[in-house]
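Notes for the structure review
Chain residues, written in single-letter form:
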Amino acid sequence: GTGFIRARQFHTTAARLAAEDFYSVLGVKRDASQSEIKKAYYQLAKKYHPDANKAPDAKDKFLKIQEAYDTLSDESKRRSYDQFGTADPTGGMGGGGPGAGFGGFENMEDILSQMFGGAFGGGMGGGAQGRRAGPGRTGGMGGFTSVGEDIEAVATVSFMDAVNGTTTKIVITPIVRCEPCSGVGAKKGAKRHTCSVCHGTGQATFTMGGFHVQQSCPQCGGEGWTISPKDQCTSCGGKGRVRERKMVDVDVPAGCDSGMRIRMAGMGDVPIEGDGPAGDLFVRLRVTPSPVFKRKGADVYYAASIPFTTAILGGSVRVPTVDGDVEVKIKSGTQPGDELRLRGKGIRKLNSSVRGDQYLGLR
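What counts and what doesn't
Residues numbered from 1 in each chain as written. Predicted model: local features only at pLDDT ≥ 70, side-chain atom pairs only at ≥ 80, totals over all residues. Heavy atoms only, no water. Helix = DSSP H or I, 4+ residues; strand = E, 2+ residues; numbered from the N terminus. Contact = heavy atoms within 4.5 Å. Areas by Shrake-Rupley, 256 points an atom, 1.4 Å probe, with all protein chains shown as cover. Salt bridge = Lys/Arg side-chain N within 4 Å of Asp/Glu carboxyl O. Buried < 20%, exposed > 50% of the residue type's maximum accessible area, 1.4 Å probe, protein only. Phe/Tyr/Trp six-rings, centres within 6.5 Å; stacked < 30°, edge-to-face > 60°. Pairing = 2+ DSSP bridges. Axes fitted to C-alpha atoms, helices over the stretch in contact; angles between N-to-C directions. Expected span 1.5 Å × (residues − 1). Parallel < 35°, antiparallel > 145°, perpendicular 65-115°, else oblique. Left-handed = near helix turned anticlockwise from the far one by under 90°. Nonpolar A, V, L, I, M, F, W, Y, C, P; charged D, E, K, R; others polar. Core = buried A, V, L, I, M, F, W, Y, C linked by side-chain atoms within 4.5 Å. Patch = residues over 30% accessible without salt bridge, like charges linked within 9 Å, V, L, I, M, F, W, Y side chains within 5 Å.

1. Quick word on the overall build of the chain
Check the secondary structure of the chain and you find 8 helices and 18 strands. Contacts in the chain between residues at least 24 apart in sequence constitute 65% of all its contacts with a sequence separation of at least 6. Here the chain displays about 18700 Å² of accessible surface, and carbon together with sulfur accounts for 50% of that area.

Shown next as structure tokens:
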């Protein structure tokens, strides 16, 4: 028989997959970014989806891939998995329980679009963002509001700027709503026509593998209306969206380090369809090494050369710290290789008033 796909048809328990490492299932490294995880998931899901792959083990592989992605694509679940080996350290069902099989159906839309050449949505090559329903419209299978894609950028700061905090500028090129047409895609005063395929509903139903799959209409992109070519906005070609190059200020907190990410809400791509909010901008920090100090977390290390007579008789030497030079007393009989600890002279810990220490390696 036929029927509408429901998420609960495809789920598994955390225990079933506990023996397999989720990173290995997706073929990514443990420090993989969200974009790398998403890319790997799309490729594997497309390859092993039961409607596209008739191999006997395709369904089981697809379920494993889905379970791995459901966990690693959620930052809180991922942290729990990295620490405890499960997304639910209390021993629950994790992300594979009823209703979680396709991540709110958004992932399923992405898979279908990639499997069938974009027949289930449209856009500017932005993945899921071009296939989500507009506000107040049922979003394909399940209904959700259009949200733009997150974007990533890199900001490079000096060692001392990372220690003290700074504001730096970066250039990004997010997808934005076309200003001349206000994101509509039509010339000013032009009329929009009810879509002849979906008759204004924004949805179309396709038969696939014995199921009826309801998705955004491929003719109007889920909007419910179309614009004739002669009435399309010349600035965006009727898409209502363009890429805009802009410079933004990034507030870098004191105590940050290389690899940390800063989230800037609402500064990502706007959705290709609908009036939903833009995604977020994630800025990954790259800190240039210091020619003077070595860093380990909030602690700072400095190799201090002291005169032979000072080491034998004792005295004081002037050494640099991240706050400037200070006088340090040297005890008599100090040996090369001895280490002194300057408490609270290190780097301030992120989002804290507590500071690390500075260690002096004497030579």
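2. Here's the deal with the pattern of salt bridges
Scanning the model with the defined rule gives 15 salt bridges in all. Between aspartate 231 and lysine 230 there is a salt bridge; the shortest N-O distance is 3.5 Å. For lysine 230, a relative accessible area of 62% gives the class exposed. For glutamate 244, the salt bridge identified is with lysine 246, shortest N-O distance 3.5 Å. Residue class for glutamate 244 comes out partly exposed when judged on its relative accessible area of 34%. Connected via shared salt-bridge partners are Asp21, Arg30 and Asp82.

3. Things to note about the packing of aromatic side chains
In the structure shown here, the tally under the stated rule is 7 aromatic pairs. Look at tyrosine 41 and tyrosine 69: their rings are 3.9 Å apart centre to centre, the planes differ by 10°, and that puts the pair in the stacked class. Of this pair, tyrosine 41 sits in helix H3 (residues 34-48) while tyrosine 69 sits in helix H4 (residues 58-72), and the two are 28 residues apart along the sequence. When the ring of phenylalanine 159 is compared with that of phenylalanine 293, the centres are 6.1 Å apart and the planes differ by 25°; the resulting orientation is stacked. Remark: phenylalanine 293 occurs in the loop between strand S12 (281-287) and strand S13 (294-296) and phenylalanine 159 occurs in helix H7 (residues 159-164); sequence separation between them is 134 residues.

4. Quick notes on the sheet that holds strand S17 (residues 339-342)
Spatial ordering of the open sheet is given by S13-S14-S18-S17, a layout of 4 strands whose pairing is mixed. Looking at which strands have only one partner, the edges of the open sheet turn out to be S13 and S17. Put simply, the sheet's adjacent strands are angled 25° from each other on average, direction ignored. Where strand S14 (residues 299-304) meets strand S18 (residues 358-362), 5 bridges bridge the pair, whose relative direction is parallel. By the bridge assignment, alanine 303 is partnered in S18 with glycine 361.

5. Things to note about H4
Helix length check: H4, at 15 residues, gives a terminal C-alpha distance of 21 Å against a target of 21 Å (1.5 Å per residue), a fit within 8%. For H4, a buried count of 11 out of 15 residues is recorded, marking the element as mostly surrounded by other parts of the structure. Listing the buried residues of H4 in full gives Ala58, Phe62, Leu63, Ile65, Gln66, Glu67, Ala68, Tyr69, Asp70, Thr71 and Leu72.

6. Regarding the packing of H3 against H4
Orientation of H3 relative to H4, taken along the N-to-C sense of each, is 165°, at an axis distance of 9 Å. Judged by the angle between their axes, H3 and H4 are roughly antiparallel. The handedness of the crossing between H3 and H4 is left-handed. Where H3 approaches H4, its residues Gln34, Ile37, Lys38, Tyr41, Leu44, Ala45 and Tyr48 are matched on the opposing element by Ala58, Lys61, Phe62, Ile65, Gln66, Tyr69 and Leu72. Taken together, the residues of the contact of H3 with H4 sort by class into 10 nonpolar, 2 polar and 2 charged.

7. As for the sheet that holds strand S2 (residues 151-157)
Two strands in a sheet stick together by hydrogen bonds in their backbones, pointing the same way (parallel) or opposite ways (antiparallel). Read from one edge to the other, the open sheet built from 3 strands follows the order S2-S12-S11, with strand pairing classed as mixed. Each end of this open sheet is capped by a strand with a single partner; those strands are S2 and strand S11 (261-264). Taking each pair of neighbouring strands and ignoring which way they run, the sheet shows an average axis angle of 30°. Relative to S12, S2 runs parallel, the two being bridged by 7 bridges. The partner of valine 157 across the bridge, within S12, is valine 287.

8. With respect to the environment of threonine 156
Here threonine 156 lies in strand S2. Look at threonine 156 and you get partly exposed, because its relative accessible area is 42%. Taking C-alpha positions, threonine 156 is 8.6 Å from arginine 284, a pair spaced 128 residues apart along the chain. The residues contacting threonine 156, other than those within four sequence positions of it, are Arg286 and Thr288.

9. Considering the nonpolar core
Residues Leu26, Val28, Ile37, Tyr41, Ile65 and Leu72 are the most contacted members of the largest nonpolar core, which totals 18 residues. Contributing elements (two or more residues each) for this core: helix H2 (22-26), H3 and H4. Broken down by element, the residue count for this core peaks at 6 residues, all from H3.

10. Observations concerning a nonpolar patch on the surface
Side chains of Phe308, Ile312 and Leu313 sit close together on the surface and give an oily, nonpolar patch of about 380 Å² of accessible area. Position of isoleucine 312 relative to the elements: it lies in helix H8 (residues 308-313).

11. Observations concerning unusual backbone geometry
One non-glycine residue with positive phi stands out, namely serine 182, at about 60°. Tracing the sequence through the fold places serine 182 in the loop between strand S4 (175-177) and strand S5 (193-194). Positive phi, close to 55°, is recorded for histidine 199, a residue that is not glycine. Mapped onto the fold, histidine 199 is located in the loop between S5 and strand S6 (203-208).

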